[in-house]
Every structure is written in structure tokens, then in C-alpha cells.
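Understanding the architecture of this molecule
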Amino acid sequence: MSDNPIRRFDLIAFDWDGTLYDSTACIVQSIQEAVRDVGGTVPSDEDAAWVIGMALEPALAKAAPDVPVEKYPELANRYRYHYLKHHDDLNLFDGVMPMLDDLRRRGHLLAVATGKSRRGLDHVLESKELHGVFDGSRTADETAGKPHPQMLNELMEQWGIEPERTLMIGDTTHDLQMAVLAGCASVGVAYGAHDTAGFAEFHPLYVAETVANLHQWLLGNA
């Protein structure tokens, strides 16, 4: 992989779960267990995976449509309980750190745009010793949940970067739709929560099968 001296994107924003962090299976299981705990119809793996990336309450409401609204706080608490039981067993995907290091050396600003809460993101960044790797981040509980473009809009405004100089990378249609709504280019990854069959309508520049593929494409095209 060789460096491209011409930088196309000044800001590269990454989704977290399923894009940088190998947490999809844990999230799916935690959603299912939470719904079971409150007495709802347990969603399939596919239905639970589809809501990954959304803000927590809308995600759980979509995954468990028969759970009454008054049980949403309990449902969210049960989800957190199950997720946190396994949280410390999760890791970045292999190859993520070398990729991020190369992008930083090239002078890209790096950010996270995630459906996680601020507390949840800060905890994982600290636990994985990633402080200083990312120049900024936005979470669903402090802006708006995907696919609303507010996260990307705020990140671009933070550094005065135009949409055409911004790239969003994610594993779900929510990520790619957010990029479209913000006027940004996107790249999808095929190893996360969503089937890539739904990606085409959002016109990603590339769909990476692996982190290694993503790394190589970014060095050659970003």
C-alpha cells in the first residue's frame, strides 16, 4: 500500500459498532435478552442487527414493536445490563489501529459518529487507550440519531470543513443515508450489522469486505 500525496478528504468520520469495533453479535444478543426480560416478542438476529447504529430508544422500539411505550425505560436498562456484562470482552477489529495510524500520519482529521451514548463512547475509548487518536466525536444522545445528519454537520462545522471534503464510513444503511443527507461521500463495510444489498441506493464510493480492504482503499483514494 502506497501513500497518495493528494488528499481528497480532510475529515474522515467513522461509525463505531460494527465498523471499528467488533460488537455486532453482542449488541444483537443484548437486544434480544432485553426484549425477553420485559415480555416482548424476541426479534430475529436480522431484525435486531438492523437497528444497530440508531439511538438506543428508537432502536429498541423498532426491534420490539409490541413492547408498550411505558416499558421503554425498563427495556433500555435491561439492554445496558446485558451489554455491559460482555463489554470488556469486545475489541477493535484486527487492523483498525494500523489503519487509523496511517490516516493520522497522512494528516486526515479523524472523528467518530455513533449511535452510542456519550458515556458509552467515552468509556470504550478510554478502555482501548484511544484517547488522542480521534480529533472529535458525536453521539446520538447529544445530537440526533442516525440517519439525521446533525452529527456530521456539527463535526464539519467544528473544523470548517465542507461536505465534499468529508467522508463517512459505516456498516449500516443508517450511516450511508446520514452521509447523503449531509452532502458527504461515504464508504460502506460488509463485515458489520447490515447486508450490503441495501447499500446501493446510497451510492457509497466503495464497499470494503475487510478492514484490510478498507485500509488499502483509503490510502489509495482518500
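Right, let's walk through the structure included here.

Tracing the chain through its elements places Lys116 in the loop between strand E2 (109-114) and helix H6 (118-127). Judged by relative accessible area, Lys116 falls into the buried class, the value being 11%. Here the side chain of Lys116 touches Tyr83 through a polar contact of 3.5 Å, side chain to side chain. In this structure, Lys116 is in contact with Trp16, Asp17, Tyr83, Leu121, Val124, Thr139, Ala140 and Asp141, ignoring residues within four places of it in sequence.

Attention now goes to helix H1 (residues 24-38). The end-to-end C-alpha separation of H1 is 22 Å, in line with the 21 Å expected for 15 residues at 1.5 Å each. Those residues of H1 not exposed but buried are Thr24, Cys26, Ile27, Val28, Ser30, Ile31, Gln32, Ala34, Val35 and Val38. Just beyond H1, the residue with positive phi is Gly39, at close to 90°.

With that settled, consider the packing of H1 against helix H4 (residues 72-86). Following both chains from N to C, one finds H1 and H4 inclined at 140°, their axes separated by 8 Å at the closest point. Looking at the two axes, H1 sits oblique to H4. Crossing angle aside, the handedness with which H1 passes H4 is right-handed. Between H1 and H4, the residues in contact are Cys26, Ile27, Ser30, Ile31, Glu33, Ala34, Val35, Asp37 and Val38 and Glu74, Leu75, Arg78, Tyr79, His82, Tyr83 and His86, respectively.

How each quantity is defined
- Residues numbered from 1 in each chain as written.
- Predicted model: local features only at pLDDT ≥ 70, side-chain atom pairs only at ≥ 80, totals over all residues.
- Heavy atoms only, no water.
- Helix = DSSP H or I, 4+ residues; strand = E, 2+ residues; numbered from the N terminus.
- Buried < 20%, exposed > 50% of the residue type's maximum accessible area, 1.4 Å probe, protein only.
- Polar contact = N/O pair within 3.5 Å; in protein donor to acceptor, adjacent residues only side chain to side chain.
- Contact = heavy atoms within 4.5 Å.
- Expected span 1.5 Å × (residues − 1).
- Axes fitted to C-alpha atoms, helices over the stretch in contact; angles between N-to-C directions.
- Parallel < 35°, antiparallel > 145°, perpendicular 65-115°, else oblique.
- Left-handed = near helix turned anticlockwise from the far one by under 90°.

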